[in-house]
Amino acid sequence: MAAGERVAVGESAGGRLLGLDPGLRHTGWGILIVGREAQLGAFGVIAPDPSAARPARLQTIMASLLEVIDAHEPLAVALERPFVKVNAQSALALAQAQAAAMLAAAQRDLPVFEYAPRQVKQAVTGDGNAAKGAVAEALRLRLDLAAEVAPHDASDALAVAYCHFLLGGGAWARTPAP
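What you see is a predicted model, and the numbers here were worked out from it, not measured in a lab.

Let's shift gears to the packing of helix H4 (residues 132-142) against helix H5 (residues 152-168). Two elements in contact, H4 and H5, have axes separated by 10 Å at closest approach and are oriented at 60°. One finds that H4 runs oblique with respect to H5. Crossing of H4 against H5: the hand is left-handed. Here Lys132, Gly133, Val135, Ala136, Leu139 and Arg142 of H4 lie close against H5, whose contacting residues are His152, Ser155, Asp156, Leu158, Ala159, Tyr162 and Leu166.

Laid out in structure tokens, this is it:
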């Protein structure tokens, strides 16, 4: 499917795909119902207590994701790979949140697929440098939604799931990287 092509919502959808945008402050999650087409299933944001110690926040992320997985029974997990700019501490925090997400998926024997932020933006909008608002609007159009998904953490998570849907041919079509 080419970038910019609209996805129709239909009755052929069969499985669920969990997209994640891991973060220590906010971890966005989104469920797409996928088959030959994709449609919105559910979305949300996990926001651990910012005053809690890092291990407690990571535990909250993992426990909350286990609840999401148990409630929606996805076939696979697609997550955004941490993006490193300059701040090594921020990169470490993102990597730890990603690890908590991977552990939740591993607890339920789900395959995990990783995508770089630029790769997600390119797949969803056709522009690897797209702003968050452009990603949210492209997702709204592709999923035929009345309004953009908010907040951006949830929209970003759905974008990662949609990227996997486009590039992976569905949650069951590829073997995850080790």
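Now that the structure has been shown, we can carry on.
The next subject is helix H1 (residues 54-72). The end-to-end C-alpha separation of H1 is 27 Å, in line with the 27 Å expected for 19 residues at 1.5 Å each. Against the buried residues of H1 lie strand E1 (15-21), strand E2 (27-34), strand E3 (38-46) and helix H2 (88-107). One or two steps after H1, the chain reaches glutamate 73, where phi turns positive at roughly 50°.

The next subject is the packing of helix H3 (residues 117-125) against H4. Where H3 contacts H4, the two axes come as close as 9 Å, and the packing angle between them is 40°. Taken together, the axes of H3 and H4 are oblique relative to one another. The hand of the H3/H4 crossing is left-handed. Every residue of H4 that contacts H3 at Lys121, Ala123, Val124 and Thr125 is listed here: Ala134, Val135, Ala138, Leu139 and Arg142. In terms of residue class, the contact of H3 with H4 is built from six nonpolar, one polar and two charged.

The sheet built from five strands is open, its strands ordered E3-E2-E1-E4-E5 with mixed pairing. Two strands lie at the open edges of the sheet, namely E3 and strand E5 (112-115), each paired on one side alone. This sheet shows a mean twist of 20° between the axes of neighbouring strands, independent of strand direction. As judged from the four bridges shared by E1 and strand E4 (residues 76-80), these two strands associate in the parallel manner. Within E4, the position partnered with leucine 18 by the bridge is valine 77. H2 contacts E1, E4 and E5 of the sheet and is inclined by roughly 175° relative to E4.

What counts, and where the lines are drawn
Residue positions within a chain follow its written sequence, with the count starting from 1. Residue-level local features of this predicted model are given only where pLDDT is at least 70; pairs of side-chain atoms are given and counted only at 80 or more, and the full residue set underlies all totals for whole chains, interfaces and linings. To get the side-chain values, take all heavy atoms of the structure and skip hydrogens and water. All axes here are fitted lines through C-alpha atoms, helices being fitted over the stretch that makes contact, and every angle between N-to-C directions spans 0 to 180 degrees. For helices the rule is a DSSP run of H or I covering at least 4 residues; for strands it is a run of E covering at least 2, with both sets numbered from the N terminus onward. An angle below 35 degrees is treated as roughly parallel, one above 145 as roughly antiparallel, one from 65 to 115 as roughly perpendicular, and anything else as oblique. Working rule for handedness: look at the near helix, and if it is turned counterclockwise from the far one by less than a right angle, call the crossing left-handed; if clockwise, right-handed. Two residues qualify as a contact provided that any one of their heavy atoms is within 4.5 Å of a heavy atom in the partner residue. Multiply 1.5 Å by the residue count of a helix minus one, and that product is the helix's expected span. Put simply, Ala, Val, Leu, Ile, Met, Phe, Trp, Tyr, Cys and Pro go in the nonpolar bin, Asp, Glu, Lys and Arg in the charged bin, and everything else, Gly too, in the polar bin. The pairing criterion for strands is at least two bridges between them, as found by DSSP.

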